[in-house]
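# Fold and contact review
Next come the chains, spelled out residue by residue.
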Amino acid sequence: MSGNLIEVRGVSKSFGGVVANKGVSIDVAEGGITGLIGPNGSGKTTLFNSIVGYHPIDEGSIQFKGREISKLRVPEIARLGLLRTFQQTRIYSKMDCMKNMLISVSHRDEGLGTMFGSMRDRETEEFAEELLEFVGLYQKRFLIAGELSFGQQKLLEFAMALMNRPEVLLLDEPTAGINPTLINGLIDRLKRANEQFGITLFVIEHNMRVIMNLADRISCLAHGELLATGTPDEIQNDPRVVDAYLGAH
Ligand SMILES: Nc1ncnc2c1ncn2[C@@H]1O[C@H](COP(=O)(O)OP(=O)(O)OP(=O)(O)O)[C@@H](O)[C@H]1O
């Protein structure tokens, strides 16, 4: 056992003439928080999309717990316990928070029958309430999700992902568009999800303060290629990273 939950090896992905990822190799250690940084257009979201099965890769291998997943599709990968959130939140804005939570649990269920069966399940409701409490939205559980602030919607989306008890959660810019007060709360929740629930996190983040604070390992992409991997300190002091990324901000 390598200690890695995800092993990306030599992954390349192009869209027409645009090379979005070229020979990328990254490890996501079990139980850790791995960060992914890089300038706009450096291929971060493409790599996430490749890992969760959103599109086929051109070359390379992606393993989850030692199993090749690069040919599997989104629902199959989700069922294995690998989930992601998006830059733009994907909540059901006309439903209340509780309904959003209950509907999210379908990922690992087999069919609609099971889904509605489990929705009635008191245990599932209690778990949804616990998670809403965890992200600080319990008091707002019957509020229509579209009426929450953007930051609260992101917290709801995070709680929705946790409903599926993922082993790994890929978070695409979790703090984008959130005000600084809520950001600290979110960092705290992410750390607690990692420590208390044992969820491995792989996080794309533009906010340097956030990622340096959160991640134990960070990889930096530039022009679709892996530029550097290291501890937050090593990454912060790597002249190649500073040139390619930090210097540009
Ligand atoms: N579906 C697509 N079709 C065509 N080109 C794409 C597609 N998805 C991504 N690209 C291109 O691939 C490159 C990498 O994009 P990607 O979104 O992965 O970068 P990113 O690092 O996530 O950027 P950002 O930080 O702005 O979100 C860009 O040049 C982008 O325009």
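Calculation rules
- Residues numbered from 1 in each chain as written.
- Predicted model: local features only at pLDDT ≥ 70, side-chain atom pairs only at ≥ 80, totals over all residues.
- Heavy atoms only, no water.
- Pairing = 2+ DSSP bridges.
- Helix = DSSP H or I, 4+ residues; strand = E, 2+ residues; numbered from the N terminus.
- Contact = heavy atoms within 4.5 Å.
- Axes fitted to C-alpha atoms, helices over the stretch in contact; angles between N-to-C directions.
- Polar contact = N/O pair within 3.5 Å; in protein donor to acceptor, adjacent residues only side chain to side chain.
- Salt bridge = Lys/Arg side-chain N within 4 Å of Asp/Glu carboxyl O.
- Buried < 20%, exposed > 50% of the residue type's maximum accessible area, 1.4 Å probe, protein only.
- 1 Å grid on protein atoms, 1.4 Å probe; cavity = no way out; pocket = protein on both sides within 12 Å on 5 of 7 lines; lining within 4 Å.
- Points joined across faces, edges and corners; volume = space filled by probe spheres on them.
- Nonpolar A, V, L, I, M, F, W, Y, C, P; charged D, E, K, R; others polar.
- Domains from an automatic or database assignment.
- Buried area = accessible area lost by both parts, 1.4 Å probe.

As summarised here, the arrangement of the 4 strands in space is β2-β1-β4-β5, forming an open sheet in which the pairing is antiparallel. A single partner strand is all that each edge strand has here, and the edge strands are β2 (18-29) and β5 (67-68). Contacts between helix α1 (residues 44-51) and the sheet are confined to β1 (4-15), β2 and β4 (59-64), with β1 contributing the most and set at about 115° to the helix.

In this fold, S70 is placed in the loop between β5 and α2 (74-80). Here E68 takes part through its side chain, which lies 2.5 Å from a polar atom of the side chain of S70. Beyond its immediate sequence surroundings of up to four residues, S70 is in contact with I57 and I62.

For the coordinates displayed, the defined rule picks out 8 salt bridges. With a shortest N-O distance of 3.6 Å, D188 and R192 are connected by a salt bridge. Of this pair, D188 and R192 both sit in helix α7 (residues 180-196), 4 residues apart, roughly one helical turn. On the basis of relative accessibility, which here comes to 37%, the residue D188 falls in the partly exposed class. With a relative accessible area of 28%, R192 lands in the partly exposed category.

Counting across every chain of the model gives 1 cavity of 30 Å³ or more. Its volume calculated, the largest cavity comes out at about 70 Å³. Taken together, T85, F86, K154, E157, F158, L171, D172, E173, P174 and L186 make up the lining of the largest cavity. Mapped onto the lining of the largest cavity, the elements with two or more residues apiece are α6 (150-162) and β7 (168-172). A total of 3 residues in the lining of the largest cavity trace back to one element, the largest contributor, which is α6. Here the lining of the largest cavity is composed, by residue class, of 5 nonpolar, 1 polar and 4 charged.

Here the focus is the domain arrangement of the protein. Domain assignment breaks the protein into domain 1 (1-81 + 166-249) and domain 2 (89-165). Centre-to-centre separation of domain 1 and domain 2, based on C-alpha positions: 25 Å. Every contact between the two is made by 22 residues of domain 1 and, on the other side, 18 residues of domain 2. Together domain 1 and domain 2 conceal approximately 1500 Å² of surface at their shared face, both sides included; 69% is due to carbon and sulfur atoms. When the buried surface of domain 1 facing domain 2 is broken down by residue, R79, P166 and R189 rank first, second and third, together holding 36% of it. Linking domain 1 with domain 2 are 0 salt bridges, by the criterion used here. Those elements giving two or more residues to the side of domain 1 that touches domain 2 turn out to be α2, β7 and α7. For the side of domain 1 that touches domain 2, the residue count by class is 14 nonpolar, 2 polar and 6 charged.

The next subject is the pairing of β4. For a regular strand, side-chain orientation follows a simple rule: the groups alternate between the two sheet faces. For β1 and β4, the ladder comprises 5 bridges, and the chain directions are antiparallel. Looking at the pairing, S12 lines up with E59 of β4. Sheet topology places β4 next to β5; 2 bridges connect them, and they run antiparallel. Across the sheet, F64 pairs through a bridge with R67, a residue of β5. Where β4 folds back on β5, the antiparallel hairpin that results is connected by 2 residues, among which K65 adopts a positive phi of roughly 50°.

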